Protein chains: 2
Amino acid sequence: MIRVGVVQTSPRFGRVAANLARALRLMATKPADLYVLPELFATGYQFSSRAEVARLAEPVPTGRTCRQLIAFARRHRCAIVAGLPERAGRRCYNSAVVIGPDGYLGCYRKLHLFGEETCWFAPGRKAGAVWTIGAFGSGGSGKATGSVKIGVMICFDWFFPETARSLALEGADLICHPANLVLPYCPEAMRTRSIENRLFTATADRVGTEARGGRAPLTYIGRSQITDPRGRLLFRAPAKGEAIGVVRIDPRQARDKRLNSYNDLWEARRPRAYRGLTVRCKGERRIKD
Amino acid sequence: MIRVGVVQTSPRFGRVAANLARALRLMATKPADLYVLPELFATGYQFSSRAEVARLAEPVPTGRTCRQLIAFARRHRCAIVAGLPERAGRRCYNSAVVIGPDGYLGCYRKLHLFGEETCWFAPGRKAGAVWTIGAFGSGGSGKATGSVKIGVMICFDWFFPETARSLALEGADLICHPANLVLPYCPEAMRTRSIENRLFTATADRVGTEARGGRAPLTYIGRSQITDPRGRLLFRAPAKGEAIGVVRIDPRQARDKRLNSYNDLWEARRPRAYRGLTVRCKGERRIKD
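In this text the structure is predicted, and so the values were computed from the model without any measurement. (Residues numbered from 1 in each chain as written. Chains lettered and ligands numbered in written order. Predicted model: local features only at pLDDT ≥ 70, side-chain atom pairs only at ≥ 80, totals over all residues. Heavy atoms only, no water.)

Draft legend 1. Broad picture of the side chain of Arg193(B). Mapped onto the secondary structure, Arg193(B) falls in helix H6 (residues 186-197). A residue is classified by how much of its surface remains accessible, and Arg193(B), at 0% relative accessible area, is buried. Residues within four places of Arg193(B) in sequence aside, it is in contact with Thr192(A), Arg193(A), Glu196(A), Trp158(B), Phe159(B), Phe160(B), Pro161(B), Ala164(B) and Leu199(B). (Helix = DSSP H or I, 4+ residues; strand = E, 2+ residues; numbered from the N terminus. Buried < 20%, exposed > 50% of the residue type's maximum accessible area, 1.4 Å probe, protein only. Contact = heavy atoms within 4.5 Å.)

Draft legend 2. Quick look at the pairing of strand S9 (residues 200-204) of chain B. Residues and elements named next belong to chain B. In terms of burial, S9 is a largely internal element, five of the five residues being buried. Of the two faces of S9, the one holding Phe 200, Ala 202 and Ala 204 and the one holding Thr 201 and Thr 203 are both buried throughout. Where strand S8 (residues 174-178) lies against S9, five bridges are found, and the strand directions are parallel. Across the sheet, the residue bridging to Pro 178 is Ala 204, located in S9. (Pairing = 2+ DSSP bridges.)

Draft legend 3. Region of the structure containing the interface of chain B and chain A. Counting residues at the interface gives 57 residues for chain B, matched by 57 residues for chain A. Together chain B and chain A conceal approximately 5,500 Å² of surface at their shared face, both sides included; 55% is due to carbon and sulfur atoms. Among the residues chain B hides against chain A, the three largest losses belong to Arg270(B), Arg272(B) and Arg275(B). Together they make up 14% of the total. At the boundary of chain B with chain A, the tally comes to eight salt bridges. Close ionic contact of Glu162(B) with Arg165(A) constitutes a salt bridge, the shortest N to O distance being 2.7 Å. Here the residues of the side of chain B that touches chain A sort into 27 nonpolar, 12 polar and 18 charged. (Buried area = accessible area lost by both parts, 1.4 Å probe. Salt bridge = Lys/Arg side-chain N within 4 Å of Asp/Glu carboxyl O. Nonpolar A, V, L, I, M, F, W, Y, C, P; charged D, E, K, R; others polar.)

Draft legend 4. A look at the packing of aromatic side chains. Residue and element names in this part refer to chain A. All chains considered together, the criterion is met by 18 aromatic pairs over all chains. Each ring, one from Tyr 35 and one from Phe 72, has its centre 5.9 Å from the other, and the planes form 75°; the classification is edge-to-face. Here the residue Tyr 35 occupies a position in strand S2 (residues 34-36), and Phe 72 occupies one in helix H3 (residues 64-76), the gap between them amounting to 37 residues. Grouped by ring-pair contacts, the aromatic residues Phe 114, Phe 156, Trp 158, Phe 159 and Phe 160 constitute a single cluster. Over the ring of Phe 13 we find Arg 212, and its NZ or CZ is 3.7 Å from the ring centre. (Phe/Tyr/Trp six-rings, centres within 6.5 Å; stacked < 30°, edge-to-face > 60°. Lys NZ or Arg CZ within 6 Å of the ring centre and 35° of its normal.)

Draft legend 5. Just the pattern of salt bridges, in detail. Counted under the stated rule, the structure contains 40 salt bridges over all chains. Across the pair Arg193(A) and Glu196(B) runs a salt bridge whose closest N-O atoms are separated by 2.7 Å. Here Arg193(A), found in helix H6 (residues 186-197), pairs with Glu196(B), found in helix H6, and the two come from separate chains. The network of salt bridges with shared partners includes Arg193(A), Glu196(A), Arg193(B) and Glu196(B).

Draft legend 6. Examining the relation of the copies chain B and chain A more closely. When chain B is fitted to chain A, the best match, at an RMSD of 0.0 Å, comes from turning it 180° and sliding it 0.0 Å along the axis. In short, the pair behaves as if placed about a two-fold rotation axis. By residue overlap, the copies meet face to face through one surface: 100% of the interface positions of chain B are interface positions in chain A. (Least-squares fit on C-alpha atoms with pLDDT ≥ 70 in both.)

Draft legend 7. Spatial organisation of the pairing of strand S13 (residues 233-236) of chain B. Residue and element names in this part refer to chain B. Relative to S13, strand S12 (residues 225-227) is paired through three bridges, and the arrangement is antiparallel. Each bridged residue has a counterpart across the sheet, and for Ile 226 the counterpart in S13 is Phe 235. Taking the residues that link successive antiparallel strands as the turn, the S12-S13 hairpin has five residues, and the phi of Gly 231 there is positive, at about 80°.

Draft legend 8. Fine view of the environment of Glu242(B). All names here are of chain B. In this structure, Glu 242 sits in the loop between S13 and strand S14 (243-249). The exposure class assigned to Glu 242 is partly exposed, which follows from its relative accessible area of 32%. Separated by 145 residues in the primary sequence, Glu 242 and Val 97 place their C-alpha atoms 21 Å from one another. Leave out the neighbours within four places in its chain, and Glu 242 touches Gln 8, Thr 9, Ser 10, Arg 22, Leu 26 and Val 207. Of note is the side chain of Glu 242, whose polar atom sits 2.8 Å from the side chain of Arg 22. (Polar contact = N/O pair within 3.5 Å; in protein donor to acceptor, adjacent residues only side chain to side chain.)

Here is the structure:
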């Protein structure tokens, strides 16, 4: 059994040190083996210019946010998935770092950029980023627990069923999903993502309103949640206010893909019968690297 | 504008003539340009043997069910999508016929067979079956209306996001979805299918209970529904009882794939970044034909 926590925060734009400290305090109130934090959790979301993005973005894993998350994970013998703006050379990415009890493990760059993000960030280049995290235990229960294979996607990635499917096909037991949701659809849709891929999902969303640079205000819908492989809600936070929810999950439930005595999810798939899923569509931009 | 109807029936197993007559009477009570009927709507669902399937299955489009549907469609200047067991040589398929005001248009064979269906039916070989249906109007409003591009999938096909995605990529405005639902997940999941593909869906389900050959009874959940490209419910039938719902839709709403001023659904897709979606998976059986 793995204790998975979703952390729902209310960051103030640009106050990185304060937002980070507040998130870590919230995490310390509830022991977990793995915490998921929102997209861009320490900076805020509504950037005004590329210069502002570049100023708030940080190199991974040497930036201040990442270093403090690593220190927390070592001290508490836990793993963390958290969204932050990553600076890599002249580019910035909307990324999520993956940190284990022994340090930095890797980084996922958001594949499907939403709205104005397309002005600030470069898109990632591949779906299906998974990491095996295990050997927890010295922080909380005192007993070693099993391992869990986590896949990462960020916010609007949920809209494209290919993203969660790619993670499931790569073996994810649990999709860690940092988000900054402004539309109402995602929480229910993530139940479908669980059902169709027979896995757990943990969506960490933020709350609050941002209105910067004279633009239309963005209000975030909260409702951070954890679902099981049958789409059941194991936890859902309110639409307003900071919150943390920790539930125990058994990752092996996600490895049993039998839907009934006749159907196994992966055997029932018909990849040769599908159309157009991986060919390049008209209008897809070539990603330069 | 196109008037789309979903027809929720309560067939008695094996009473093909009576079930068919009852469905046609129900359809005649509400004029529509396109009716969607449930999976296996005239035969019932819970077969007991391959011999029974072969006896109740019929050649398409020359069988009795198909001929009567064609006659209805000609008389009422409408289109029909309806599920029936198709006999083709020595094989039977769980199929849906597509009929226009001027006659038979084609047939879709269910790609993902559920439970015991795997014992009775051969699976179809391709997703993405779409037909353009148009030039309605002489039956109901007296005015010619536009055309609609329909895609067809059957019941459990909903579980695999690749099915609806294939139809959307082939240009479907509306997914016609004959079903015999026994699990609770589909109605909400079809809202996600609408949202993620930005199109209409019309799920026609049956009601009632079947318990044949000493097997566990199957109770069908009704709740036939029509959704719009934002996942809103335009109609939902009750969980019990026969019903028919007809709504007017504008297929052009499904052709506008802009999600906001920065994102177009098809441009935002990243087909080269996804993993494993169309390669053959371990365990996939080779389909012989």
